[in-house]
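Observations on the three-dimensional arrangement
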Amino acid sequence: MMALGILPGLCSVTFRQLSIEAIALAAAEAGLQAIEWGADAHVPPGDAGAARRALAASRRHGLTITSYGSYLQPSADAGEVDKVLDTAAALGATTVRVWTPLGELPDCSPQTWAAQRDGLARVAGAASERSLQVGLEFHGWTLTHTAASTNRLLDEVGATNLHTYWQPIYWEPALLDDADAQLAELVAVAPRLAHLHVYWWRGRERHPLADGAHVWPNALAHAAAAPWPHGPRAALLEFVPDDDPQLLPREAAQLITWLAAREPSLATQGEQQ
């Protein structure tokens, strides 16, 4: 399998109801090449057995584990931080995803901001000791509500192994159909971009990925041009309409088609599935 600038992949949280083996098989059969194992259902922090099963299933089906999708927050105690980071390392992931708290917006109090910033610096430091990259969840209603607030947080922490994910900004309805505004948010964080979470939502309603055709092809092109010297970057499908596993081949095919516009070898691989 050829190494590509961006690997098409899957977040395991897309199908929380499926087993580790079933998810890995479904991803491979859909032509996907990467996986982000989630901490809430499939590989809980500290569960060495689950980590071994996920690693074995990924290898068996030719999937690169690009990331560990944790829900670690900067306020976590040292023991929880160690469990999450050690689990990411056991998976062989290069990146561990972390969150800032839901409900704490960038206009929070200076004390709240400082506490989250300092906690994030501790997490990044502990991750660096394990040669792990840290990717902030780029998400509405958190300190990473916008590209500007995300960059502010990254700047203030100043850790070289701290980056950010990106996903379409569904939490600002006015931006949904504004392709230029969506792209501007990605471009603003691109120098410190980790991986992409790929979907198309309107508010909380999930739509076929093809409905995001005014945003995703250009977003993927910009992401491909952004620096990421930490292994392959992944465009990870996250959620499908109705959480229906039968829709994965359709959604994967759309993602692969967009990526294949840049990576002809991926198109050839898709024809062989």
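Residues numbered from 1 in each chain as written. Predicted model: local features only at pLDDT ≥ 70, side-chain atom pairs only at ≥ 80, totals over all residues. Heavy atoms only, no water.

**Considerations on the side chain of Ser58**
Tracing the backbone through its elements, the reader meets Ser58 in helix 2 (residues 48-60). In contact with Ser58, other than residues within four places in its own chain, are Ile35, Trp37, Leu63 and Ile65. (Helix = DSSP H or I, 4+ residues; strand = E, 2+ residues; numbered from the N terminus. Contact = heavy atoms within 4.5 Å.)

**Digging into helix 3 (residues 78-91)**
For helix 3, with 14 residues, the first-to-last C-alpha span of 20 Å sits near the 20 Å given by 1.5 Å per residue. Of the residues making up helix 3, those classed as buried are Val81, Val84, Leu85, Thr87, Ala88 and Leu91. Take helix 3 and look down its axis: the buried residues cluster within an arc of 155°, on one side only. Residues of helix 3 that are buried sit in contact with strand 2 (34-38), helix 2, strand 3 (64-72), strand 4 (95-98) and helix 4 (110-128). With a side-chain oxygen lying 3.2 Å from the backbone nitrogen of Gly79, the N-terminal cap of helix 3 falls on Asp77. Count one or two residues on from helix 3 and you reach Gly92, which has phi positive near 80°. (Expected span 1.5 Å × (residues − 1). Buried < 20%, exposed > 50% of the residue type's maximum accessible area, 1.4 Å probe, protein only. Arc of directions from axis to C-beta. Polar contact = N/O pair within 3.5 Å; in protein donor to acceptor, adjacent residues only side chain to side chain.)

**Re the packing of helix 7 (residues 216-225) against helix 8 (residues 248-260)**
Axis separation between helix 7 and helix 8 bottoms out at 9 Å; the angle between their running directions is 55°. Put simply, helix 7 runs oblique to helix 8. Note on packing geometry: the crossing formed by helix 7 with helix 8 is right-handed. Between helix 7 and helix 8, the residues in contact are Trp216, Pro217 and Leu220 and Leu255, Trp258 and Leu259, respectively. Of the residues contributing to the contact of helix 7 with helix 8, the split by class is six nonpolar, no polar and no charged. (Axes fitted to C-alpha atoms, helices over the stretch in contact; angles between N-to-C directions. Parallel < 35°, antiparallel > 145°, perpendicular 65-115°, else oblique. Left-handed = near helix turned anticlockwise from the far one by under 90°. Nonpolar A, V, L, I, M, F, W, Y, C, P; charged D, E, K, R; others polar.)

**Focus: the sheet that holds strand 7 (residues 193-198)**
Within the closed barrel, the eight strands sit side by side as 1-2-3-4-5-6-7-10. Their pairing is parallel. Each strand axis lies, on average, 30° off the axis of its neighbour in the sheet, ignoring direction. Across the face of the sheet, helix 8 comes into contact with strand 1 (6-11), strand 7 and strand 10 (233-237) while running at roughly 160° to strand 1. (Pairing = 2+ DSSP bridges.)

**Regarding the confidence of the model for the chain**
In the predicted model, the chain carries a mean pLDDT of 94, and 94% of its residues have values of at least 70. Across residues 264-273 the pLDDT falls below 50, and counting only partners more than four positions away or on other chains, this stretch makes 15 contacts in the model. (pLDDT = per-residue confidence, 0-100.)

**Here we look at the environment of Pro249**
Topologically, Pro249 is positioned in helix 8. Using a relative accessible area of 46% as the deciding quantity, one classes Pro249 as partly exposed. When the C-alpha positions of Pro249 and Val157 are compared, they lie 40 Å apart, and in sequence the two are 92 residues distant.

**Comments concerning the environment of Trp201**
In this structure, Trp201 sits in strand 8 (residues 200-202). Between the C-alpha atom of Trp201 and that of Ser131, which follows or precedes it by 70 residues, the distance is 34 Å. Look past the residues within four positions of Trp201 in its chain and what remains in contact with it is Tyr170, Leu176, Arg206 and Phe239.

**Details of the side chain of Ser70**
Note on placement: Ser70 falls in strand 3. A polar contact of 2.4 Å, which involves the side chain of Ser70, links it to the backbone oxygen of Arg97. Setting aside its immediate chain neighbours within four residues, Ser70 contacts Ala39, Val84, Val96, Arg97, Val98 and Trp99.

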